[in-house]
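Examination of the molecular architecture
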Amino acid sequence: MIESSDPPVVAIDGPGGSGKGSVSGRLARKLGFHLLDSGALYRLTALAARQAGVDLGNVAAVADLAAGLDARFEAGAENEPARVLLAGRDVDDAVRSESCGNDASVVAAYPEVRRALIGCQRAFRRPPGLVADGRDMGTLVFPDARVKIFLTATPEERARRRHKQLIAKGINGNLAALVREIETRDERDRNRAVAPLKPADDAVVVDTSGHDIDSVFKRVVDIVTSSGLLDPRR
Ligand code: C5P
């Protein structure tokens, strides 16, 4: 049962590469709120299945792993995202890989897995508040969020951003292959029967194509400020 006195939530949803990860991290720091990277929980579930040799098609076994997930987030260096730990081991690099993202989108389509992860996601809602980054934060996990923002960008732009990130990490990604992967993942996320990727009816949709992260962040801060969660002088 969600009480109106529950800590406020800012839901930031959208497809991968829309900028929601960077925006959510910066916003959580600015507000002094907790941060939920819900995609990491789906990625960890997929990784745990791979590590245990469980077939991703074995829904019951994958849902069991999701229910017992020993996930922890450890604060990263200044302006870096939190690092992800599975059973106490730093698995951040494995979890952020393209293949793990694709595996995550397969297991995320199972209602049993989504159900198993919902309590864990809601437990991140603690005072003074939460910035929740995902696909269904504003629609299903926190339908009473104070602010709902849906970030989008064209697949080509998202692939270019991802390509730049990979190069910065010294990994040589293929741009055309990234566009194809992004389109396949979007297709699966949008068309699944449970929690399909779509903006909540009361979300503000922000198209980030052609905008750098600073201008997107400024727009998001304006939206949060007009909700009353942020003092306009800050
Ligand atoms: O955001 P990220 O790329 O880490 O998410 C990986 C995958 O996890 C997504 O493609 C999506 O299928 C799934 N996901 C989800 N619901 C969320 C967050 C992520 O279905 N709230």
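Here's a quick rundown of the structure. None of these values were measured; they are calculated from a predicted model.

Some words on the site of the ligand
- Looking at the ligand, there are 16 residues lining it, with Arg43, Arg114, Arg135, Asp189 and Arg192 nearest.
- Contacts to the ligand include Ser38, whose side-chain N or O atom sits 2.9 Å from a nitrogen atom.
- Counting only elements with at least two residues in the shell around the ligand, the list comes to helix 2 (38–52), helix 5 (98–107) and helix 9 (175–191).
- Here the element with the most residues in the shell around the ligand is helix 2; it accounts for four residues.
- The residue makeup of the shell around the ligand, split by class, is four nonpolar, four polar and eight charged.

Topic: the sheet that holds strand 1 (residues 9–13)
- Reading across the sheet, the five strands line up as 2-6-1-7-8 and stay open at both edges, with parallel pairing between neighbours. Each of the sheet's edge strands pairs with one partner strand only, and the pair in question is strand 2 (34–37) and strand 8 (204–207). Strand-to-strand twist in this sheet, taken as the mean axis angle between neighbours without regard to direction, amounts to 20°.
- Strand direction decides the pairing type here: strand 7 (residues 147–152) and strand 8, joined by four bridges, are parallel. Note on strand 8: the bridge partner recorded for Phe150 is Val205.
- Across the sheet, helix 10 (residues 213–226) lies against strand 1, strand 7 and strand 8, angled at about 160° from strand 7, the strand it touches most.

Quick notes on the sheet that holds strand 3 (residues 71–74)
- Read from one edge to the other, the open sheet built from three strands follows the order 3-4-5, with strand pairing classed as antiparallel. The sheet is open, and its two edges are formed by strand 3 and strand 5 (89–90), each paired on a single side.
- Note that strand 4 (residues 83–86) and strand 5 share two bridges and pair antiparallel. Bridge assignment links Leu85 to a residue of strand 5, and that residue is Asp90.
- Helix 2 rests against strand 3, strand 4 and strand 5 of the sheet, and its axis sits at about 40° to strand 4.

Observations concerning the side chain of Asp136
- Relative to the helices and strands, Asp136 resides in the loop between strand 6 (130–134) and helix 7 (137–141).
- Once residues within four sequence positions are removed from consideration, Asp136 is found in contact with Asp13, Arg114, Val141 and Ala195.

Observations concerning helix 9
- Over its 17 residues, helix 9 runs 24 Å from end to end, which matches the ideal 24 Å to within 8%, given 1.5 Å per residue.
- The set of residues buried in helix 9 consists of Leu178, Val179, Ile182, Arg185, Asp186 and Asp189. The buried residues of helix 9 all sit within an arc of 135° when viewed along its axis, so they share a single face. The exposed residues of helix 9 that point more than 90 degrees off its buried face are Arg180, Glu187 and Asn191.
- Against the buried residues of helix 9 lie helix 2, helix 5 and helix 8 (155–168).
- Looking at where helix 9 begins, the residue whose side-chain oxygen comes 3.0 Å from the main-chain nitrogen of Ala176 is Asn174.

Cut-off values and rules
Residues numbered from 1 in each chain as written. Predicted model: local features only at pLDDT ≥ 70, side-chain atom pairs only at ≥ 80, totals over all residues. Heavy atoms only, no water. Near = heavy atom within 4 Å. Polar contact = N/O pair within 3.5 Å; in protein donor to acceptor, adjacent residues only side chain to side chain. Helix = DSSP H or I, 4+ residues; strand = E, 2+ residues; numbered from the N terminus. Nonpolar A, V, L, I, M, F, W, Y, C, P; charged D, E, K, R; others polar. Pairing = 2+ DSSP bridges. Axes fitted to C-alpha atoms, helices over the stretch in contact; angles between N-to-C directions. Contact = heavy atoms within 4.5 Å. Expected span 1.5 Å × (residues − 1). Buried < 20%, exposed > 50% of the residue type's maximum accessible area, 1.4 Å probe, protein only. Arc of directions from axis to C-beta.

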